[in-house]
Amino acid sequence: MGLSYLSQDDITQWAPWFWVIMAYKWTADQGKTLPALSLAWRSEHCDVDEHACTLLQSWFPQATDIEVLDATDYGMSLKWRDGRINAWLRMIRDPQTPRDTRKAMAQAYDHVWRRIRARIDAKMKGAPWLEITFRADTFTWLFDVANYGDYWDDPPVLDFVHWLESLEPILKNVPEVTAS
Amino acid sequence: MTLRLSRRWLDGAVPPISGTAKLISAFLSEETVEDWSAFTFHDAQWALEQLVHYAALDYIYDDLDEDGSPNSDNDWHHVLHVYEMTAALRTMPAKCPPDIPFY
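A brief structural summary. (Residues numbered from 1 in each chain as written. Chains lettered and ligands numbered in written order. Predicted model: local features only at pLDDT ≥ 70, side-chain atom pairs only at ≥ 80, totals over all residues. Heavy atoms only, no water.)

A short note on the overall build of chain B
- Per the secondary structure count, chain B includes five helices and one strand.
- Listing the helices and strands of chain B from first to last along the sequence gives α-α-β-α-α-α.
- Relative to its 103 residues, chain B shows a buried fraction of 39%.
- Of all intrachain contacts in chain B linking residues separated by at least 6 positions in sequence, the fraction that spans at least 24 positions is 54%.
- Accessible surface for chain B amounts to roughly 6200 Å². Of this, 53% is attributable to carbon and sulfur atoms. (Helix = DSSP H or I, 4+ residues; strand = E, 2+ residues; numbered from the N terminus. Buried < 20%, exposed > 50% of the residue type's maximum accessible area, 1.4 Å probe, protein only. Contact = heavy atoms within 4.5 Å. Areas by Shrake-Rupley, 256 points an atom, 1.4 Å probe, with all protein chains shown as cover.)

Here it is as structure tokens:
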């Protein structure tokens, strides 16, 4: 077998692939189900943002309207909605929901929201990592990392799954809501 | 440690291939990862460290001398052998030391 020399382009493409491998591996280690990951790096650019969408669905299957707003190898901006939380919120505001139920749900919501807020405040250090906007009865989750920090040691996609991992136990407290 | 390894070699036991080496081999062979238990998170970190961090990109163009022979002054030269070495790992595990010898 002869030598197979690598180009500089090959090598600069290695890092994003390995960031994705790390994010998948981390996610798999937390017991999440993942699709197979094709490592066809010679013929395909590594779309970190597309993999981030796949990872998001592994952590939060209920995430909908996932949208990539901006993406490079070194940063990305993802937006999504969480149908379960939105349904929960609609029920809290629905006058048809019994008053006591609404009150209990609102208290639970307040607890969840405070924990998320605390996570954001603790982790963000002033940087726009995760932003949650709330309009009408819809939350939009916006995760935004652009060249933040040292992406060699702390790649954005890995930050992303670490964030999802920290959000998961908080959002687990959101009860399943069915329209009645 | 060295003695123990030597005994293993003399006994003809197949030395273990590290998860890092297996992952690098899978990556360079463009395989599809389905079994996420085949390597650890640290293996993936270390593989990136081995492949990217250690090497200086500036040297890559100087790997061959004008006469086509390998440029022995090039720090990259050993790294560029990675593909051949990891391919060899797959076919001749008994000839590879436990840690992948990149340089």
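Now, onward.
Thoughts on the packing of helix α2 (residues 48-59) of chain A against helix α5 (residues 156-171) of chain A
Residues and elements named next belong to chain A.
- Across the interface, α2 lies against α5 with an axial gap of 10 Å and an inter-helix angle of 15°. Of the possible angle classes, the one that applies to α2 and α5 is roughly parallel. Note that α2 runs across α5; the crossing there is right-handed. Here Val48, Ala52, Leu55, Leu56 and Trp59 of α2 lie close against α5, whose contacting residues are Val157, Phe160, Val161, Leu164, Glu165 and Glu168.
- Across the contact of α2 with α5, the residue classes tally to nine nonpolar, no polar and two charged. (Axes fitted to C-alpha atoms, helices over the stretch in contact; angles between N-to-C directions. Parallel < 35°, antiparallel > 145°, perpendicular 65-115°, else oblique. Left-handed = near helix turned anticlockwise from the far one by under 90°. Nonpolar A, V, L, I, M, F, W, Y, C, P; charged D, E, K, R; others polar.)

Structural notes on α5 of chain A
- Helix length check: α5 of chain A, at 16 residues, gives a terminal C-alpha distance of 22 Å against a target of 22 Å (1.5 Å per residue), a fit within 8%.
- Across the 16 residues that make up α5 of chain A, a large majority, 13, are buried. (Expected span 1.5 Å × (residues − 1).)

Description of the pattern of salt bridges
Residues and elements named next belong to chain A.
- Under the definition given, this model contains four salt bridges over all chains.
- Here Asp29 ties to Lys25 by a salt bridge, and the two come within 3.0 Å at their closest N and O atoms. Of this pair, Asp29 and Lys25 both sit in helix α1 (residues 8-29), four residues apart, which is roughly one turn of the helix.
- Residue class for Asp29 comes out partly exposed when judged on its relative accessible area of 43%.
- A salt bridge links Glu67 to Lys79; its shortest N-O distance comes to 3.9 Å. Of this pair, Glu67 sits in strand β2 (residues 63-72) while Lys79 sits in strand β3 (residues 75-82), and the two are twelve residues apart along the sequence. (Salt bridge = Lys/Arg side-chain N within 4 Å of Asp/Glu carboxyl O.)

With respect to unusual backbone geometry
- Unlike most non-glycine residues, Asp65 of chain A shows phi in positive territory, near 50°.
- Asp65 of chain A gets classed as exposed once you look at its relative accessible area, which sits at 52%.

Some remarks on the packing of aromatic side chains
- Across all of its chains, the model carries eight aromatic pairs over all chains by this definition.
- Centre to centre, the rings of Trp14 of chain A and Trp41 of chain A are 6.1 Å apart; their planes meet at 80°, and the pair counts as edge-to-face. Residue Trp14 of chain A is found in helix α1, and its partner Trp41 of chain A is found in the loop between β1 (37-38) and α2; the two are separated by 27 residues along the sequence. Here Trp14 of chain A matches Trp41 of chain A in class, with each residue buried.
- One aromatic cluster is present, formed by Trp14, Phe18 and Trp41 of chain A together with Phe27 of chain B through successive ring pairs.
- Taking NZ or CZ as reference, Lys25 of chain A lies 5.4 Å from the ring centre of Phe39 of chain B, over its face. (Phe/Tyr/Trp six-rings, centres within 6.5 Å; stacked < 30°, edge-to-face > 60°. Lys NZ or Arg CZ within 6 Å of the ring centre and 35° of its normal.)

Section: the environment of Arg115 of chain A
- Looking at the element boundaries, Arg115 of chain A is found in helix α4 (residues 99-124).
- With 55 residues separating them in the primary sequence, Arg115 of chain A and Ile170 of chain A have C-alpha atoms 6.9 Å apart.

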